[in-house]
Amino acid sequence: MLALGDQNYDRFCNGGKVVEELLKKAGATPFCESGYADDGVGLEAVVEPWRQLLPGKVKEAIRALSEPQKAAEPEAKKTDAKTDRAAAALAAAEAIARNAKVRLANQADRRVLILYGSATGNSEAIARNIAEVARQAELLPTFVAANKHADVKWDTFSCVLLLMATTGDGEFCENATKFWRTIGRASNPPEMLLHMRYTVLALGDQNYDKFCQAGKLADARMADLGATRFYPMGCADDGVGLEVVVEPWKQKLWPALQAVFSSTSGSFGTPVSGKSPLNVPQSPSLRPEKLGNGSLNMNLLGSALSDRSSDFSSYDYTKHGQLNPFYARIKAATALAHHPETPTYRLTLDVAESTIEWTPGDAIGVLPCNNDTIVDYLLQRLEVPPHEDFRRPTGSTAQEIKEKTLVYEAIRFPLTNRQLLMRHVDLYVRRAEQLRFLANQCSDKRERDMLAGWGTSPKLMRDLVISKKLTIGDLLETFQSCAPPFRELVEITPLLQPRYYSVASAMMRNRTELDICFHVVQHNVGDRKIPGVCTSWLSSLIERISSGSDEATSISVPIFLKTTPEFSCPDDIARPIIMIGPGTGVAPFMSFLQHREWQMQQLAADGGVLAALPPQGGVTKPIDNAMGKPAQTAGASCTAVVGESHLFFGCKSRNVDYLYHNELDAFAKNQTLRYLHTAFSQEEDDAYWYGGVYVQDKMMDISGRLAMLIHDRNAYLYVCGDAKSMAKDVHRAKR
């Protein structure tokens with residue numbers, strides 16, 4: 001018997017041992033010593049000696065079976081010398097394996113594993129920074145996406161850091177789902193991770209109900225499996241700025257790690273001895289009042305919007321998804337709301353030649369371009385030739401590049417310096433480490449101390465940088481002595497993330513076209529108006545199309561599909577659906593309704609009768625079919641029950657921003673949409689003493705009906721829109 005296993009698990013080689021025991025009980029006799037190979041130290045340490053031993057043992061077994069028993073005894077004494085040597089080698093190999101296991105355990109005392117789950121790159125960037133500082137502290141860090149936990153033999157580590165972002169409805173990010181399935185198995189023994197110490201940094205947004213849910217689930221499950229939490233979990237809120245929690249959590253992490261490792265192998269080095277973890281000069285105590293807004297003469301950029309390049313033909317994508325988007329030509333753009341500064345558009349994209357197949361509720365990711373005014377200023381300020389190729393760094397191995405920055409993994413060469421800034425780099429300052437880096441590049445002491453102070457104070461970072469939506473260009477305009485090397489600046493800057501928009505059309509209605517709906521975002525910061533990155537870029541493309549220029553017919557948008565199975569329309573047409581979507585939150589429900597209309601048309605075409613469920617039991621009655629005509633009961637082959645559909649839509653005024661007005665009226669008329677509830681917050685409504693009305697008010701008006709649909713008829717309830725205020729009010733009304 002040769003059994004393979006891993007001694008990091010309690011039941012080492014259990015499969016082989018069980019089979020061996022069953023064979024013995026059945027009367028079989030082993031003719032060779034069993035080998036137990038440990039994958040934790042290398043299978044070959046036992047496998048190779050066992051293979052050398054095996055041929056001699058097989059010969060002996062064959063001779064024993066073919067000769068009389070009396071002849072077998074003297075023959076057994078003539079053991080082949082080669083077999084003896086192989087047996088000795090096997091014993092020596094097992095001893096070597098045991099010693100290697102001990103050495104590996106000693107080395108593991110300085111190993112730390114950092115697993116991250118990241119959707120937008122924040123968790124990954126934090127993990128990368130922690131790994132860098134850990135190396136300075138003479139530890140042996142390994143950081144990978146959580147889904148690659150098996151590749152690095154994660155359960156052989158005694159110290160693990162989990163950095164988990166939450167996405168969707170309290171779910172793990174795509175690059176952490178396999179890890180969650182691994183630790184979430186019901187068959188896992190409760191002592192599985194008894195040897196492990198861990199901590200968790202969870203990232204989320206308190207505007208959503210399941211704040212930091214992924215991190216909290218991972219934390220609880222690790223404890224269930226016997227792991228020991230050596231440092232309290234941190235929960236960072238993206239709604240107020242991750243740095244507020246992340247920076248203090250990281251600062252206190254190092255003493256906690258020191259306590260962990262000193263208990264097994266003595267103390268380890270302090271990161272960048274005597275200095276802060278990132279080797280940034282310590283600044284004097286700075287108070288917000290000392291840095292009053294009026295004391296900085298900021299010539300802030302970003303208010304002007306000019307044309308952006310949409311020619312991506314020279315860019316060589318070789319991967320699927322985000323790195324291999326489909327370039328969808330803009331077929332049409334329709335204004336749905338006519339606010340002069342922030343209109344709302346329906347954008348129709350040509351996807352006839354794509355392989356994108358979507359279902360109601362899915363979204364598409366749009367890869368935007370940055371504001372070219374800011375890009376051109378940065379290139380001029382840093383004295384970087386815009387049309388010169390940006391190349392990979394020379395003299396670095398692929399692994400060193402990977403550990404240093406995310407940029408080289410996310411882009412495809414060749415591309416110019418200007419293309420890099422336009423398409424791949426987030427120009428807004430979002431992380432404290434960016435400020436600390438820029439501080440080191442200032443020749444003026446006052447400017448250096450000021451930037452370093454902002455970078456070491458989460459409150460200053462939030463109040464003076466993030467809330468003011470400052471870009472790298474803003475800081476370089478203000479701090480004139482700052483002269484960062486272009487490559488180093490790019491390497492420490494976050495990547496430009498895709499923006500996601502719900503698909504507002506059903507593939508069953510038209511496979512060749514895909515609609516999205518977007519509101520042009522504008523942030524008012526003091527007397528400044530900061531345009532949203534993606535919506536302002538899309539708006540500029542629409543302006544170019546409206547101009548009637550020759551290039552208008554070839555303008556395209558790079559997109560990729562993002563499936564959202566947790567937000568999908570039920571296949572069963574009998575299931576009631578309750579949709580709550582004020583403003584642009586109505587977009588995915590246009591896809592729902594188009595899909596349900598198609599379902600009803602198919603049933604009507606097949607000769608079926610469409611019927612509605614009665615309010616409280618009783619006789620099911622035929623309803624008008626999808627074409628607006630009475631259903632014909634005579635001769636019909638079957639009756640299809642159609643579940644109720646309710647849509648709650650809200651906006652300011654029916655004359656200004658009532659999106660999809662005509663389409664919704666048409667759905668209500670042909671009874672695809674059974675009940676349309678509209679709420680206009682800036683219109684007087686005599687039914688409500690406070691004047692305007694909101695979607696949650698309309699919900700409360702028929703709360704009994706909604707409760708019956710949910711509890712008695714298993715209705716689906718969907719909420720889409722503003723998470724910061726509307727969603728909370730809706731959830732309160734639902735409860």
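Anything mentioned here points back to the structure above.
Here the structure is a predicted model, which means the values were calculated and not measured.

Visitor: How do you make sense of unusual backbone geometry when you look at a structure like this?
Guide: Most of the time, phi is negative for any residue but glycine, and the peptide bond is trans. Cis geometry is adopted by the peptide bond preceding P414, which originates at F413 and carries an omega value of 5°. For P414, the position within the fold is in the loop between helix 11 (407-410) and helix 12 (417-423). Phi is positive for Y660, close to 55°, though the residue is something other than glycine. Along the chain, Y660 falls in the loop between strand 22 (645-651) and helix 20 (661-669). The buried category is assigned to Y660, whose relative accessible area is 3%.

Visitor: Where do I start with the side chain of S34 in this structure?
Guide: Relative to the elements of secondary structure, S34 occurs in the loop between helix 1 (14-25) and strand 2 (35-38). On the basis of relative accessible area, S34 is assigned to the buried category, the value being 15%. Among the polar contacts made by the side chain of S34, one reaches the side chain of E20 at a distance of 2.3 Å.

Visitor: Please explain the environment of L460 as it appears in this structure.
Guide: Inspection of the secondary structure assignment puts L460 in helix 15 (residues 458-466). L460 sits in the buried class, given a relative accessible area of 3%. Distance in space between the C-alpha atoms of L460 and V244 is 9.7 Å, their sequence separation being 216 residues.

Visitor: Just checking my understanding: could you explain the sheet that holds strand 24 (residues 716-719) for this structure?
Guide: The strands making up a sheet are joined through hydrogen bonds of the backbone, oriented either antiparallel or parallel. Taken in spatial order, the 4 strands make up an open sheet running 23-22-18-24, and their pairing is parallel. Because the sheet does not close on itself, it has two edges, and the strands there are strand 23 (675-680) and strand 24. For this sheet, the mean angle separating the axes of adjacent strands, direction not counted, is 10°. Alignment of strand 22 against strand 23, held across 6 bridges, turns out to be parallel.

Procedures and definitions
Residues numbered from 1 in each chain as written. Predicted model: local features only at pLDDT ≥ 70, side-chain atom pairs only at ≥ 80, totals over all residues. Heavy atoms only, no water. Helix = DSSP H or I, 4+ residues; strand = E, 2+ residues; numbered from the N terminus. Buried < 20%, exposed > 50% of the residue type's maximum accessible area, 1.4 Å probe, protein only. Polar contact = N/O pair within 3.5 Å; in protein donor to acceptor, adjacent residues only side chain to side chain. Pairing = 2+ DSSP bridges. Axes fitted to C-alpha atoms, helices over the stretch in contact; angles between N-to-C directions.

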